[in-house]
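An overview of the molecular structure
One letter stands for each residue in the lines below.
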Amino acid sequence: DAGDIEKGTYPHFMLKEIDEQPIVMRKIIKEYQDEHNELKLDANIRQAMKAADRIYIIAAGTSYHAGLVGKEFMEKLAKIPVEVHVASEFSYNMPLLSERPLFVFISQSGETADSRSVLVKIKEMGHPALTITNVPGSTLSREADYTLHLYAGPEIAVASTKAYTAQIAVLAILAVDTAKVKGLELDFDPMQELGIVANAMDVLTGQKEELEQLTRDYLATTRNAFFIGRSADYNVALEGALKLKEISYIQAEGFAGGELKHGTIALIEEGTPVIALATQANVNYSIRGNVQEVVARGANAMIISMKGLEQDDDAFVLPPVHELLTPLVSVVPLQLLAYYAALHRGCDVDKPRNLAKSVTVE
Ligand code: G6P
């Protein structure tokens, strides 16, 4: 069928889409640059970003996790306060809005009903909205004032991979562009740094055998797994856990390293897999402390660290990228661990049970 043709030589769309991530990064670099290598964005979006005193990011699932990463860019680079909300919860306890809010909807499909219902509500209230989507012309794109395109190409596997990294890359570009529009001095060239990320992703997608072996060592028979991280790594821990749950049905949770001792550490038993991310210099010491705590209680800990911060026993070392952009590379081995875990368990990788690619009911 048509699906087989599009998959080419790949056994699953998910694997193909994981491999496409460096290509998508390069496509985004190209599409968001003009012929003078200056950032290229719609003037109306620039105006809306400049006018906003606070950004409200609304999303679901993996797109929500991308929003958490984007918040850091927006606050650190563009100096705009950002709130990130799960779409389905937003309306129940709508926060007191700032004077000049801008709503940013992040949605791969542009069709998620939970997000759309927030969009309808805030448009009634008269607030501006920007949709960041892989499908321009989708409902969320048409009904918002502005659209930013992800250029990720069709994403077929239910578990989102390349859309997540595309969302993060576009959010980084948007944050830098806004900083420039606001006249802020930045020591960060997003296109150069995203180019380095693309090359790092090429290296990572070439390390499948190593990651398949790690999956066998850590996730072969387990019923649960924990992902821990601090700061930016915490956001990626949430996404790594979601990927694993979605397709392998292993019960997985992402936790902030420092929060473990406040409850979750009670769940650590002999052999419990704990996957720890260590890509941030300022928390490298503390996250390794958390690893020692869980190992002392029997955990089977796998440390994934960034080159330059690695220690002898780390299971996997990521090629170095700018510290702000580490989520774009640390997520790749987590996507592949989830993929191989699902594969080895005989799960339907591309069409996991009970899940839909886009959920058009509330
Ligand atoms: C569904 C999919 C998820 C996705 C979420 C949000 O639940 O299974 O993979 O992250 O919807 O989708 P969106 O298209 O709005 O990004």
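Labelled according to an unreviewed UniProt entry, the chain appears under the name Glutamine--fructose-6-phosphate aminotransferase [isomerizing], originating from Ornithinibacillus halophilus. If you open the UniProt record of the chain and go to Function (unreviewed entry), you find "Catalyzes the first step in hexosamine metabolism, converting fructose-6P into glucosamine-6P using glutamine as a nitrogen source." The annotation that UniProt attaches to the chain under Catalytic activity (unreviewed entry) is "D-fructose 6-phosphate + L-glutamine = D-glucosamine 6-phosphate + L-glutamate".

Another point: the sheet that holds strand β7 (residues 251–256). Taken together, the five strands give an open sheet; going across it, the order is β7-β6-β8-β9-β10, and neighbouring strands pair in parallel fashion. For this open sheet the edge positions go to β7 and β10 (316–318), each flanked by a neighbour on one side alone. The average angle at which neighbouring strand axes cross in this sheet is 20°, direction not considered. Examined bridge by bridge, strand β9 (residues 300–306) and β10 share three bridges and lie parallel to one another. Looking across to β10, one finds that M306 is bridged to L318. Taken strand by strand, helix α11 (residues 208–219) contacts β6 (224–229), β8 (273–278), β9 and β10, and its axis lies near 150° from that of β9.

Turning our attention to the site of the ligand. The environment of the ligand is formed by 16 residues, the closest being G61, S107, Q108, S109 and T112. Considering each element in turn, the shell around the ligand owes the most residues, three residues, to helix α5 (residues 61–77). Broken down by class, the residue content of the shell around the ligand amounts to five nonpolar, 10 polar and one charged.

With that settled, the discussion passes to the sheet that holds strand β4 (residues 129–133). The strands making up a sheet are joined through hydrogen bonds of the backbone, oriented either antiparallel or parallel. The sheet built from five strands is open, its strands ordered β2-β1-β3-β4-β5 with parallel pairing. Edge positions in the sheet fall to β2 (82–86) and β5 (146–149), since each of these pairs with one other strand and no more. In this sheet, neighbouring strand axes are inclined to one another by 20° on average, regardless of whether the strands run parallel or antiparallel. Sheet analysis places strand β3 (residues 101–107) next to β4, joined by five bridges and oriented parallel. Considered in β4, the bridge of F105 is made with T131. Here helix α4 (residues 43–51) sits on the sheet in contact with β3, β4 and β5, set at roughly 110° to β5. Along the sheet, α5 contacts β1 (54–59), β2 and β3; its crossing angle with β2, the most-contacted strand, is approximately 175°.

What counts, and at which threshold
- Residues numbered from 1 in each chain as written.
- Predicted model: local features only at pLDDT ≥ 70, side-chain atom pairs only at ≥ 80, totals over all residues.
- UniProt positions renumbered as here; feature names shortened; annotations may be inferred.
- Pairing = 2+ DSSP bridges.
- Helix = DSSP H or I, 4+ residues; strand = E, 2+ residues; numbered from the N terminus.
- Axes fitted to C-alpha atoms, helices over the stretch in contact; angles between N-to-C directions.
- Contact = placed C-beta atoms within 7 Å.
- Near = placed C-beta within 6 Å.
- Nonpolar A, V, L, I, M, F, W, Y, C, P; charged D, E, K, R; others polar.

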